[in-house]
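In case you want the letters, here they are:
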Amino acid sequence: MSPGSEHRPHRVVVLALDGLLPFELGIPHRIFGRPKDARGRPLYEVLTCSVRPPGPVGTDADFAITVAHGPEILATADTVVIPASYELGPVFEEGVLTEELAAALAHIRPGTRLASICTGVYVLAAAGHLDGRPATTHWAEAEHFQRLFPKIDVDPDVLFIDDGDVLTSAGVAAGIDLCLHMVRRDHGTAVANEVARRTVVPPHRDGGQAQYIERPVPDPQQTGTTTARAWALGRLHEPIQLRDMAAQEAMSVRTFTRRFREETGVSPGQWLTQQRVERARHLLESTGLSVDQVARDAGFGTAQSMRQHLQAALGVTPTAYRRTFRTGTDVTAADRTEHPGGVHTLP
C-alpha cells in the first residue's frame, strides 16, 4: 500500500447465533481488536451481526446481547467467525441449515475466509464448506459430529486446523489459539506475540497440540518437565539429545518421555521442532540474518533442513516466509548467503 493510499483494515464479522457462549463471542473482538500497524492504525475491524435485523440475541447465560448489525454485513467481510451456540437446533440434530441461517450465510462472498470456534463448526459443515476437508471441534462432540457429517475428516485431538480458507478450532480457549494463529498468519509472529502479551495468554500453542482429553493428570508430588523445557529453550541452537533433557529432571528417558507427553500433549522431539520453527520464524521476521545463519541459530543446522521443516509446518520456504513479513529491501539483503565464487540466492 502506498503512503497516500487509503487505509482499510481487514474486516472480521462475527456471527452471533441464539444460545451463544458470551466468552467465545468475545474472543475475536479481544484478539483481532488489538493489532495495529507501525502508524498505530488498527489492522482489523471487528463487527458483530445476527441472522436477523439488529436487535437482541439470546445467550446461554442469564442475559441477552444487543447486536447492531443484520446479516447483510456478512457481504462485506474478509473473514467470518462463527462462535459456538447451544441452540443450533436442526443444524446440530440433523446437519441441515434453517432457512433463516441459510439466507444469512448466502450473503458471504466467495473467497471469504471462514473460521469456527467449538460447535460453530456445525454451521460450516451444514453449509457444505467442509466436505472432503479436515476439521476439528470440541472433543466431547467429535464423535457425534463425525457421524452427522461422514464426508468430513474429523480430528478430535488437535486445538485447531488451518485448511487455508477454512479454519476450525476445538472448544473455548482453543478459539484464542485459532485467532492468534490467524493474526500470526496475516502479520507475523511479532504482532501475534504482542497481542498475546496484552491478553495475558500463551503466545503460541501449535494447532497440532493435543486437546487435553482423557489424559492422566500428573501426580503433583512428582517432578514435571518444566526445568528441562526451559533448559532446552536456552540452547535451541545446539544439538539436544533426549537423554540430556531427561537428565535435567533426573528421570529415565522412558519416564521423562511419558511425563513430557502428559504435560504438553506431544513428544519431546515434536516439541523441539515446534520451538525451532518458532525461533526461525522470529529471526526471519525480525533480523537481517542470512537463511544459513537463521538455520544455525534456530538449531536446524543447515538451510536445507530448515526449509524442509518450514515447508512441512507452514507450507512455504524461508525466503517466501520472510518476503511476506519484511520489506523488499530487507529481503534482498537478507536472503543471500555468501559463497566462494559469488552470491547465491536461496530459493
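Up top is the structure.
The rules behind each value
- Residues numbered from 1 in each chain as written.
- Predicted model: local features only at pLDDT ≥ 70, side-chain atom pairs only at ≥ 80, totals over all residues.
- Heavy atoms only, no water.
- Helix = DSSP H or I, 4+ residues; strand = E, 2+ residues; numbered from the N terminus.
- Buried < 20%, exposed > 50% of the residue type's maximum accessible area, 1.4 Å probe, protein only.
- Salt bridge = Lys/Arg side-chain N within 4 Å of Asp/Glu carboxyl O.
- Core = buried A, V, L, I, M, F, W, Y, C linked by side-chain atoms within 4.5 Å.
- Contact = heavy atoms within 4.5 Å.
- Pairing = 2+ DSSP bridges.
- Axes fitted to C-alpha atoms, helices over the stretch in contact; angles between N-to-C directions.
- Lys, Arg positive; Asp, Glu negative; His and termini not counted.
- Polar contact = N/O pair within 3.5 Å; in protein donor to acceptor, adjacent residues only side chain to side chain.
- Phe/Tyr/Trp six-rings, centres within 6.5 Å; stacked < 30°, edge-to-face > 60°.
- Parallel < 35°, antiparallel > 145°, perpendicular 65-115°, else oblique.
- Nonpolar A, V, L, I, M, F, W, Y, C, P; charged D, E, K, R; others polar.

J.: So, the environment of Gly 265: which residues are in play, and what are the values?
T.: Among the secondary structure elements, Gly 265 is positioned in the loop between helix H10 (253-264) and helix H11 (268-286). Using a relative accessible area of 10% as the deciding quantity, one classes Gly 265 as buried. Through-space distance from the C-alpha of Gly 265 to that of Val 158 is 9.5 Å; in sequence the pair is 107 residues apart.

J.: Tell me about the pattern of salt bridges, and please be specific about residues and values.
T.: Overall, the coordinates contain 18 salt bridges when judged by the stated rule. Residues Arg 8 and Asp 78 are paired through a salt bridge, measuring 3.2 Å at the closest nitrogen-oxygen approach. Taken together, the positions of Arg 8 in the segment before strand S1 (10-15) and Asp 78 in the loop between strand S4 (64-67) and strand S5 (79-82) put the pair 70 residues apart, joining distant regions of the chain. Overall, Arg 8 belongs to the exposed group, its relative accessible area being 52%.

J.: Describe the nonpolar core, listing the residues and the values that go with them.
T.: In terms of nonpolar packing, the biggest core is built from 35 residues, with Val 12, Ile 31, Phe 32, Val 81, Leu 180 and Met 182 touching the most fellow members. Contributions of two or more residues to this core are made by S1, helix H1 (22-32), strand S2 (44-49), S4, strand S6 (113-117), helix H6 (173-187) and helix H7 (189-199). The element contributing the most residues to this core is H6, with 7 residues. Excluding its chain neighbours within four sequence positions, the residues that come into contact with Phe 32 are Val 12, Tyr 44, Val 46, Val 81, Cys 179, Met 182 and Val 183. Formed by 32 residues, the second largest nonpolar core is a distinct cluster that contains Val 13, Leu 101, Tyr 122 and Val 166.

J.: Any details on the sheet that holds S6? Residues and values, ideally.
T.: The mixed open sheet is built from 6 strands, whose spatial order is S2-S1-S5-S6-S10-S9. The sheet is open, and its two edges are formed by S2 and strand S9 (160-162), each paired on a single side. Across the sheet, the mean angle from the axis of one strand to that of its neighbour is 15°, orientation sign disregarded.

J.: So, the side chain of Arg 307: which residues are in play, and what are the values?
T.: In this fold, Arg 307 is placed in helix H13 (residues 303-314). Buried within the structure, Arg 307 lacks any salt-bridge partner; Asp 292 is the closest side chain of opposite charge, at an N-O distance of 6.1 Å. A polar contact is formed between the side chain of Arg 307 and the side chain of Gln 304, at a distance of 2.8 Å.

J.: So, the packing of aromatic side chains: which residues are in play, and what are the values?
T.: Here the distance between the centres and the angle between the planes together describe a pair of aromatic rings. Here the structure, examined in full by the defined rule, presents 7 aromatic pairs. Ring geometry for Phe 145 against Phe 149: centres 5.1 Å apart, planes inclined by 55°, an arrangement best described as tilted. In this pair, the class of Phe 145 matches that of Phe 149, namely buried. Cluster of aromatic residues (ring-pair linked, three or more members): Phe 92, Tyr 122, Phe 145 and Phe 149.

J.: An account of the packing of helix H8 (residues 226-233) against H10 is needed here, citing residue identities and associated values.
T.: Closest axis-to-axis distance for the H8/H10 pair is 10 Å, and the angle between their directions is 90°. On the basis of their axis angle, the class for H8 and H10 is roughly perpendicular. Across the interface between the two elements, Thr 226, Ala 228 and Arg 229 of H8 pack against Phe 256, Phe 260, Glu 263 and Thr 264 of H10. Grouping the constituent residues of the contact of H8 with H10 by class yields 3 nonpolar, 2 polar and 2 charged.

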